[in-house]
Amino acid sequence: MSRLEAKKPSLCKSEPLTTERVRTTLSVLKRIVTSCYGPSGRLKQLHNGFGGYVCTTSQSSALLSHLLVTHPILKILTTSVQNHVSSFSDCGLFTAILCCNLIENVQGLGLTPTTVIRLNKHLLSLCISYLKSETCGCRIPVDFSSTQILLCLVRSILTSKPACMLTRKETEHVSALILRAFLLTIPENAEGHIILGKSLIVPLKDQRVIDSTVLPGILIEMSEVQLMRLLPIKKSTALKVALFCTTLSGDISNTGEGTVVVSYRVSLENAVLDQLLNLGKQLVSDHVDLVLCQKVIHPSLKQFLNMHRVIAIDRIGVTLMEPLTKMTGTQPIGSLGSISPNSYGSVKDVCTAKFGFKHFFHLIPNEATICSLLLCNRNDTAWDELKLTCQTALHVLQLTLKEPWALLGGGCTETHLAAYIRHKTHKDPESILKDDECTQTELQLIAEAFCSALESVVGSLEHDGGEILTDMKYGHLWSVQADSPCVANWQDLLSQCGCGLYNSQEELSWSFLRSTHHPFVPQTCLPHEAVGSASNLTLDCLTAKLSGLQVAVETANLILDLSYVIEDKN
């Protein structure tokens, strides 16, 4: 077909970061993500002008997936953050804010992009090396023989999501449930390489959060009438299970462009039904107790199985197929032919259950590596946010199992790291530069921009006009409320640092965040007695934070290195 109009030439723009439009757009994105950050972050409501689903959230995964971004530079930034979140679930807002700050802070320094990128890489390497080192002053070990640190980690994630609308009691209850659900996925007697099970989140909306619970096994939602029709099974041994991933409805599959040759006076429907009944006879002769089908089971086959005291449940859906395969040890059956004995699995027992207004068929496993988290909340919006948060917490626990360390949260890691970088670049710049072509002056400029970017992330935690301080011993964050009285001694106003590890009763001195002061070396090597005595720490996932830091710096470097943006306007 010929074109209705001539093809337009591509639009080429040089030095994109120098244009006012790009800077304004980046500034708008930064304000959006910054205002969502932390426990007191402001919620965002996203919807289109034509109605439909309305999303209320402060989480980066929901925010960025619903945010329409058109500018190429913003697409690079948001895509990088989304890729990070899809792999690590946590620290998405931290990554986005830090990336925006890094880009913004080097504007007007008069340094070439090559110099900025090279020094940013050096500083990133310095940060990662320090955070992974034994001398790091903001990294604590996670002991899986105790639940204290694990609960702190889960609680920190829950309290940072205000749209979940949880009270303190509800937060404690859900934190314990998430931790229990995670621990149930770890196999007993696991040695060497561990294959984790799965936690399934079952929705119970318009119910009290405190009614949420965790059960080992899988819950299949059914109507009360369907449950009443199921025959009870009384058996002292495990129940034999057959799992079908194909339809047992008797429908003839689509032949496409081919043809089906049918002999005279042969009924296809009867032939297929005979095949289904032969399948049922084999299931009965193999002493199968429970038949589960992803799709539909023909009523005649159901009746036949029920007559022989075999429970048949259909329409379980594709979502439960993988967990059912793991839990029962079955191999999903995809044909109506003869069934291999190796295809069967087993469950320990079955029962019925009722929670709220919903009825469930409960499969109890032989070994509880699959569990169901029945999650309640007051309304759809709060439940959606809570579900996303629980998924994040479960993923963070999995990451922590692989790398059993956590970072101090509440902004203390960022301020501590900024103090460490300032001290290192001031006292020992040669160890950073080595044989690099950059000068010490350039290093000092970029190091200050880098530290300021970290401190700006921390500043985003304050949304109500309060002040943020840092102490001159540990380099931790301390908050002062906006309506606090003026006092000469900060010790009278401050109680605990952001992570909750230190209190103001120690002999400390403070300064305002981002104020000018002489670089100092923050205390490293956390004392074990300090960590052990703290029962309510705010923590971050080490693996997710390290990835977020790396993604933020590398994405900022990529954007700073852009010389041209070429857009096809056709």
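Coordinates for the structure precede this section.
Residues numbered from 1 in each chain as written. Predicted model: local features only at pLDDT ≥ 70, side-chain atom pairs only at ≥ 80, totals over all residues. Heavy atoms only, no water.

Would you mind going over the overall build of the protein chain with me for this structure?
Each helix and strand counted, the protein chain has 17 helices and 20 strands in total. Each principal axis of the C-alpha distribution contributes one length, and for the protein chain these read about 95 × 75 × 45 Å. Taking all 570 residues of the protein chain together, the buried fraction comes to 48%. Nonlocal contacts in the protein chain, meaning residues at least 24 apart in sequence, comprise 75% of its contacts between residues at least 6 apart. Accessible surface, the protein chain as shown: approximately 28,100 Å² in total, 51% of it carbon and sulfur. Taken together, the 48 basic and 52 acidic charged side chains of the protein chain have centroids lying 7 Å from each other. (Helix = DSSP H or I, 4+ residues; strand = E, 2+ residues; numbered from the N terminus. Buried < 20%, exposed > 50% of the residue type's maximum accessible area, 1.4 Å probe, protein only. Contact = heavy atoms within 4.5 Å. Areas by Shrake-Rupley, 256 points an atom, 1.4 Å probe, with all protein chains shown as cover. Lys, Arg positive; Asp, Glu negative; His and termini not counted. Charge placed at Lys NZ, Arg CZ, Asp CG, Glu CD.)

Would you mind showing me how to read unusual backbone geometry here?
Both trends apply: most residues other than glycine have a negative phi, and most peptide bonds are in trans. Positive phi is not limited to glycine here, since C91 has a value of about 70°. Within the element layout of this structure, C91 appears in the loop between α3 (72–88) and α4 (92–105). Residue C91 is classed as buried on the basis of its relative accessible area, which comes to 9%.

Hey, could you run me through the environment of L560 in this one?
Mapping L560 onto the fold places it in helix α17 (residues 542–560). Residue class for L560 comes out buried when judged on its relative accessible area of 10%. In sequence terms L560 and D540 are 20 residues apart; their C-alpha atoms lie 29 Å from each other. Dropping the residues within four chain positions of it, L560 is found in contact with L17, I103, V106, Q107, P113, V116 and N120.

Any chance you could explain the state of the cysteines here in plain terms?
What is meant by a disulfide is a covalent connection between two cysteines, made through their sulfur atoms. As enumerated under the stated definition, the model contains 0 disulfides in all. Its sulfur unpaired, C451 is 7.7 Å from the next cysteine sulfur, which belongs to C127. A residue is classified by how much of its surface remains accessible, and C451, at 0% relative accessible area, is buried. (Disulfide = S-S within 2.5 Å.)

Sorry if this is basic, but what is going on with the nonpolar core here?
Core analysis: the biggest nonpolar cluster contains 120 residues, and L77, L98, L131, I178, L408, I421 and L539 have the highest contact counts within it. Broken down by element, the residue count for this core peaks at 10 residues, all from helix α15 (residues 440–459). In this structure L408 touches G137, C138, I140, T413, H476, C499, L501, L526, T538, L539 and D540, once residues within four positions along its chain are discounted. With 23 residues, the next largest nonpolar core counts L230, L239, L292 and M327 among its residues. (Core = buried A, V, L, I, M, F, W, Y, C linked by side-chain atoms within 4.5 Å.)

So what exactly am I meant to see when it comes to the sheet that holds strand β8 (residues 239–244) here?
Remark on secondary structure: sheet strands pair via backbone hydrogen bonds, oriented parallel or antiparallel. Strand order in the open sheet made by the 4 strands is β10-β9-β8-β11, with mixed pairing throughout. Because the sheet does not close on itself, it has two edges, and the strands there are β10 (311–313) and β11 (345–347). Within this sheet the neighbouring strands show an average axis-to-axis angle of 30°, counted without direction. (Pairing = 2+ DSSP bridges. Axes fitted to C-alpha atoms, helices over the stretch in contact; angles between N-to-C directions.)

What is the right way to read the pattern of salt bridges from this model?
Here the idea is simple: oppositely charged side chains can pair when their charged atoms come close. Across all of its chains, the model carries 14 salt bridges by this definition. For the salt bridge of E221 with K358, the shortest nitrogen-to-oxygen distance reads 3.8 Å. Highlighted residues: E221 in strand β7 (residues 218–222) and K358 in strand β13 (residues 358–364), separated in sequence by 137 residues. Linked by salt bridges that have partners in common, K198, E322 and K326 make up one network. (Salt bridge = Lys/Arg side-chain N within 4 Å of Asp/Glu carboxyl O.)

What's the story with the pairing of β13 in this structure? I'm lost.
Extensive coverage of β13 is indicated by the burial of 5 of its 7 residues. Judged from the 5 bridges that link them, β7 and β13 form a sheet pairing that is antiparallel. In the sheet register, M222 faces β13, and the bridge partner there is H359. Of the pairings in the sheet, the one linking strand β12 (residues 349–355) to β13 comprises 7 bridges and is antiparallel in character. By the bridge assignment for β13, D349 is matched with I364. Taking the residues that link successive antiparallel strands as the turn, the β12-β13 hairpin has 2 residues, and the phi of G356 there is positive, at about 65°.

Is there a simple way to think about the packing of aromatic side chains in this case?
Under the definition given, this model contains 4 aromatic pairs. Ring plane angle 55° and centroid distance 6.2 Å describe the contact between F355 and F360, whose orientation is recorded as tilted. Taking the relative accessible area as the measure of exposure, F360 reaches 1% and is therefore buried. Over the ring of W405 we find R139; its NZ or CZ atom is 3.6 Å from the centre of that ring. (Phe/Tyr/Trp six-rings, centres within 6.5 Å; stacked < 30°, edge-to-face > 60°. Lys NZ or Arg CZ within 6 Å of the ring centre and 35° of its normal.)

Sorry, what's going on with the sheet that holds strand β17 (residues 477–480) here?
Taken in spatial order, the 3 strands of this open sheet run β17-β16-β18, and their pairing is antiparallel. A strand with exactly one partner marks an edge of an open sheet, and here the two such strands are β17 and β18 (510–512). Strand-to-strand twist of the sheet, defined as the mean angle between neighbouring strand axes without regard to direction, takes the value 35°. With 3 bridges joining them, strand β16 (residues 467–471) and β18 adopt antiparallel strand pairing. Within β18, the residue paired with L469 across the bridge is F512.

Is there a simple way to think about the packing of helix α6 (residues 148–159) against helix α12 (residues 380–402) in this case?
Each packed pair of helices is defined by two parameters, the angle between the axes and the distance between the axes. As a packed pair, α6 and α12 sit with axes 9 Å apart at the nearest point and diverge in direction by 145°. Where α6 crosses over α12, the two elements pack in a sense that is right-handed. Each of L150, L153, V154, I157 and L158 in α6 lies in contact with α12, whose residues at this interface are L386, T389, T392, A393, V396, L397 and T400. Residues that form the contact of α6 with α12 fall into these classes: 9 nonpolar, 3 polar and no charged. (Left-handed = near helix turned anticlockwise from the far one by under 90°. Nonpolar A, V, L, I, M, F, W, Y, C, P; charged D, E, K, R; others polar.)

Looking at this structure, I do not really get α4. What am I missing?
In an α-helix, one full turn covers 3.6 residues, which means residues spaced three or four apart are oriented alike. Taking 1.5 Å per residue, 14 residues should reach 20 Å; α4 reaches 20 Å between its end C-alpha atoms and fits that length. Burial within α4 is extensive, with 13 of its 14 residues counted as buried. (Expected span 1.5 Å × (residues − 1).)

What's the story with the packing of helix α5 (residues 113–131) against α15 in this structure? I'm lost.
Relative orientation of the contacting elements α5 and α15 amounts to 60°, with a least axis distance of 10 Å. The hand of the α5/α15 crossing is right-handed. For the pair α5 and α15, contact is made by T115, V116, L119, N120, L123, L124 and C127 and by E442, L443, I446, A447 and F450, respectively. In terms of residue class, the contact of α5 with α15 is built from 9 nonpolar, 2 polar and 1 charged.

Which parts of the structure should I look at to understand the pairing of strand β15 (residues 405–408)?
The side chains of a regular strand alternate, first on one face of the sheet and then on the other. Where strand β4 (residues 139–141) meets β15, 3 bridges bridge the pair, whose relative direction is antiparallel. Each bridged residue has a counterpart across the sheet, and for P141 the counterpart in β15 is W405. For β15 and strand β19 (residues 539–541), the ladder comprises 3 bridges, and the chain directions are antiparallel. Bridge pairing in β19 places L408 opposite L539.

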